[in-house]
Amino acid sequence: MALFIAGRTAQGALVLLAVSVVVFLLSFLSGDPAALMLPAEATPAQIAEFRQEMGFDQPVFVQYWDFLVGALTLDFGVSYFHGDDALGMVLERTIPTLQLTLAAMVVALLIAIPLATVAALRRGSVIDRLVGAVAMLGQSLPHFFVGIVLLIVFTVRLGWLPAIGSPTARGLVLPALTLGLYATAETMRLLRSNLLEVLHEDYVRTARAKGVSRAGVMVRHAMRNAVIPVITVLSLQVGTLLGGAVITETVFSYPGMGLLAVQSIANRDFLVIQAFVLIVAAIVVFLNVVLDIVYGLVDPRIRFEVRQS
Amino acid sequence: MRTWSRVRGVLRDPGGLFGALVIALILIAAIAGPALAPYDPSAQSLETRHLPPFWMDGGSTAHLLGTDQLGRDLASRVIQGARVSTIVGVAAVLMQVLVGVTLGLLAGYWRGALDAVIMRLADVWLAVPFLVLAMALAVVLGPGLWSTVLVLGAVGWVTFARIVRAQTLSIRERDFVLASRVAGARPIRTMRAEILPNVAASVIVVATLQVSQMIIAEAALSFLGLGIQPPDVGWGSMIAEGRDSLSSAWWVAAVPGAALVIATLGINLFGDALRDELDPRIR
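Here the structure is a predicted model, which is why all the values come from computation and not from measurement.

### Considering the overall build of chain B
- Counting its secondary structure elements, chain B contains 10 helices and 0 strands.
- Along its sequence from the N terminus, chain B presents helices and strands in the succession α-α-α-α-α-α-α-α-α-α.
- Seen along its three principal axes, the alpha-carbon backbone of chain B occupies a region of about 75 × 45 × 30 Å.
- A total of 283 residues make up chain B; the buried ones form 52% of that total.
- By sequence separation, contacts in chain B at least 24 residues apart represent 72% of the contacts at least 6 residues apart.
- Element-wise, carbon and sulfur atoms account for 64% of the exposed surface of chain B, whose accessible area totals about 12,800 Å².

### Quick notes on the interface of chain A and chain B
- Residue-level contacts link 42 residues of chain A with 39 residues of chain B.
- Interface area for chain A against chain B, summed over the two sides, is near 3,400 Å², with a carbon-plus-sulfur share of 83%.
- Interface area lost by chain A to chain B is led by Met136, Phe144 and Phe145 of chain A, which between them contribute 16%.
- In this assembly, chain A and chain B are joined by 0 salt bridges.
- Here chain A and chain B share 4 residue pairs in polar contact (both at pLDDT 80 or more) between them.
- Among the elements of the structure, α1 (2–29), α6 (126–140), α7 (143–157), α8 (169–199), α10 (214–252), α11 (257–266) and α12 (270–298) of chain A are those that each provide at least two residues to the side of chain A that touches chain B.
- Considering each element in turn, the side of chain A that touches chain B owes the most residues, 8 residues, to α12 of chain A.
- Residue composition of the side of chain A that touches chain B, grouped by class: 32 nonpolar, 7 polar and 3 charged.

### Let's talk about the nonpolar core
- By size, the foremost hydrophobic cluster in this structure holds 145 residues, and its most contacted members are Val19, Phe144 and Phe276 of chain A together with Met135 of chain B.
- The element that contributes the greatest number of residues to this core is α12 of chain A, accounting for 16 residues.
- Both domains that furnish three or more residues to this core are identified here as domain 1 (1–76 + 268–309) and domain 2 (95–255) of chain A.
- Residues within four places of phenylalanine 144 of chain A in sequence aside, it is in contact with Ile247 and Val251 of chain A together with Ile216, Ala219, Ala220, Phe223, Ile239 and Leu260 of chain B.

### Things to note about a nonpolar patch on the surface
Residues and elements named next belong to chain B.
- There is a patch of nonpolar side chains on the surface, built from Trp4, Val7, Leu11, Leu17 and Leu21 and spanning about 490 Å² of accessible area.
- Contributions of two or more residues to the nonpolar patch are made by α1 (2–12) and α2 (14–36).
- Per-element accounting of the nonpolar patch gives the leading share, 3 residues, to α1.
- Checked against the element boundaries, leucine 17 lands in helix α2.
- By relative accessible area, leucine 17 is classed as partly exposed at 40%.

### Quick look at helix α6 (residues 145–171) of chain B
- Compared with the 39 Å implied by 1.5 Å per residue over 27 residues, the 38 Å span of α6 of chain B between its first and last C-alpha is a close match.
- When the local axis directions of α6 of chain B are compared, the greatest deviation, roughly 35 degrees, occurs at glycine 156 of chain B.

### Topic: α6 of chain A
- The terminal C-alpha atoms of α6 of chain A, which comprises 15 residues, lie 21 Å apart, in line with the 21 Å expected from a rise of 1.5 Å per residue.
- Buried residues of α6 of chain A: Asp128, Val131, Ala135, Met136 and Ser140 of chain A, and no others.

Conventions we followed
- Residues numbered from 1 in each chain as written.
- Chains lettered and ligands numbered in written order.
- Predicted model: local features only at pLDDT ≥ 70, side-chain atom pairs only at ≥ 80, totals over all residues.
- Heavy atoms only, no water.
- Helix = DSSP H or I, 4+ residues; strand = E, 2+ residues; numbered from the N terminus.
- Buried < 20%, exposed > 50% of the residue type's maximum accessible area, 1.4 Å probe, protein only.
- Contact = heavy atoms within 4.5 Å.
- Areas by Shrake-Rupley, 256 points an atom, 1.4 Å probe, with all protein chains shown as cover.
- Buried area = accessible area lost by both parts, 1.4 Å probe.
- Salt bridge = Lys/Arg side-chain N within 4 Å of Asp/Glu carboxyl O.
- Polar contact = N/O pair within 3.5 Å; in protein donor to acceptor, adjacent residues only side chain to side chain.
- Nonpolar A, V, L, I, M, F, W, Y, C, P; charged D, E, K, R; others polar.
- Core = buried A, V, L, I, M, F, W, Y, C linked by side-chain atoms within 4.5 Å.
- Domains from an automatic or database assignment.
- Patch = residues over 30% accessible without salt bridge, like charges linked within 9 Å, V, L, I, M, F, W, Y side chains within 5 Å.
- Expected span 1.5 Å × (residues − 1).
- Bend = angle between axes of the 7 residues up to and from the residue.

Structural data, given as structure tokens:
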């Protein structure tokens, strides 16, 4: 088990290291990182000075080493636009984004679990097809447009909720709904197919034969075994949700790290964008490693498979 | 001959038929847009600012879907926007297929170190959410139609690489692949002539569904100001423009939004029907 945990952690660390290389190389794709980080109206003399100050005149490997050491010691440099520590700026906004993501997950599960259960129990029925249609519609809706429709209805027309999102109960409703609906369709589809698979297992038939009611089988036997894949689905959706949060936060001016990143683009504040990408990747990788380890604890087969390969 | 029966199969499905009609409409708008549009999509007119669609009070049949903050005809702009969606959707997915299928075939066929390198690369791409990576790359490459295509193509190849690799791993063990190798075919030929035709169905289905995802992604990037720039007209940037006047003229954002929803829904329904027809195994 210790070997499994160590192996999985090392694997995650390697992925993050590779992400850092990609993020670092991004700034070179444009040809001149200095031009990317300075305002458009900077003079050639200012650019030359900035280049020297940032070490852009050094060989690439030296630069990457500095970047990596900086990232490991949590020093991404100082935002040229704000004069603040880039990492600190992003970290400050991480909590509101995680709150939004968590609330959105709750929304997605509250909608997906009952609908998927009914659809799986009454497979092929009108309800099942209706749920399928809703899922199809959900996957076709660009969620920034959903956010705007919600704004038109609940803020402009009805005046019930504030237009500006915030990590408070009232301010979180519309952003969480927007982001949650984004993840609902996929969650529903996966949950339904997993439930269908479980419902055909022998132990479900045995339970039914012993006289357990349909609902009883669902709650006591099928659901329990379908929950593990749901957690997997959600862990996969963390990345989707964090990506979607960028748009949601922009629609509602929600003070998360996605909005900060979008504002940094306008300000040509590339250091903040680099820090943002790395932190998002770190969250995704960390959660995936933790969940993998949890599965290894719950289900020895997974540990075994890893050892085999 | 089999192609025709499959086309009929897709069109017999109500969703497939609806999807085919939507796709036909988008293509017509993309190709013949300027001839179809009632107005010049960028012609401004101060007298006709924020006119509502024709069914609302104050709307007129002169501007069926209303006008925006600069008095531009929304119907003409929506028609014009179909061109950007078509170009970005098709070109970005072609690029993804080209890169993803090639890498997937190589990884699945050769396995070993090459497979490990390609799959670890895929892990890196998957660790960063699609939109976040697209954003960062778009910042570096700058906005515009073709850099948007490049961004979405470079970020989305992983989907195809993983599907093709998984299928190649099992197909390469089948007898006809062995026969091809025993007959002395070089690996490139075996991959092209034996394995590629067998993964094509899944690739076509996933590519269709991916087109709608890329249309949404382009709209999202443009909404953030990182995608299409004027004078090009895209639905995402139209929605962004309409955001400022939601309380007084909600239709400026809602009209391009509806176009986007109908387009992606149509393509997804078509892709679903295509999947039932071509590849009933994957769901």
